[in-house]
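One-letter residues, chain by chain:
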Amino acid sequence: MTTETQDKAAECAREARKQAALLAPGRVRDALIEKARQYEAEIPDEVRPH
């Protein structure tokens, strides 16, 4: 995975989590959190922020 792809995945994960934080608990919020997890899974552990 290229650095550019990793950066894009990280940005998408941050944006999904940001949007989820604005919502009340429910299906849409859960879907955004799951999407953030999927993006974060694309980022190798050695470059993922802890």
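The coordinates are above.
Each value, and the rule that gives it
Residues numbered from 1 in each chain as written. Predicted model: local features only at pLDDT ≥ 70, side-chain atom pairs only at ≥ 80, totals over all residues. Heavy atoms only, no water. Helix = DSSP H or I, 4+ residues; strand = E, 2+ residues; numbered from the N terminus. Buried < 20%, exposed > 50% of the residue type's maximum accessible area, 1.4 Å probe, protein only. Areas by Shrake-Rupley, 256 points an atom, 1.4 Å probe, with all protein chains shown as cover. Salt bridge = Lys/Arg side-chain N within 4 Å of Asp/Glu carboxyl O.

Draft legend 1. The arrangement of the overall build of the protein chain in detail. If you tally the helices and strands in the protein chain, you get two helices and zero strands. Taken along its principal axes, the extent of the C-alpha atoms in the protein chain is 35 × 15 × 15 Å. Buried residues in the protein chain amount to 22% of all 50 residues. For the protein chain, the exposed surface amounts to about 4,000 Å²; the carbon and sulfur share of it is 53%.

Draft legend 2. Structural context of the pattern of salt bridges. If you walk through the whole model with that rule in mind, you get three salt bridges. Across the pair Glu40 and Arg17 runs a salt bridge, and its minimum N-O distance is 2.9 Å. In this pair, Glu40 is assigned in helix 2 (residues 27-41) and Arg17 in helix 1 (residues 3-21), connecting sequence segments 23 residues apart. Of the residues examined, Glu40 reaches a relative accessible area of 24% and is grouped as partly exposed. On the accessibility criterion, Arg17 (35% relative accessible area) is partly exposed.

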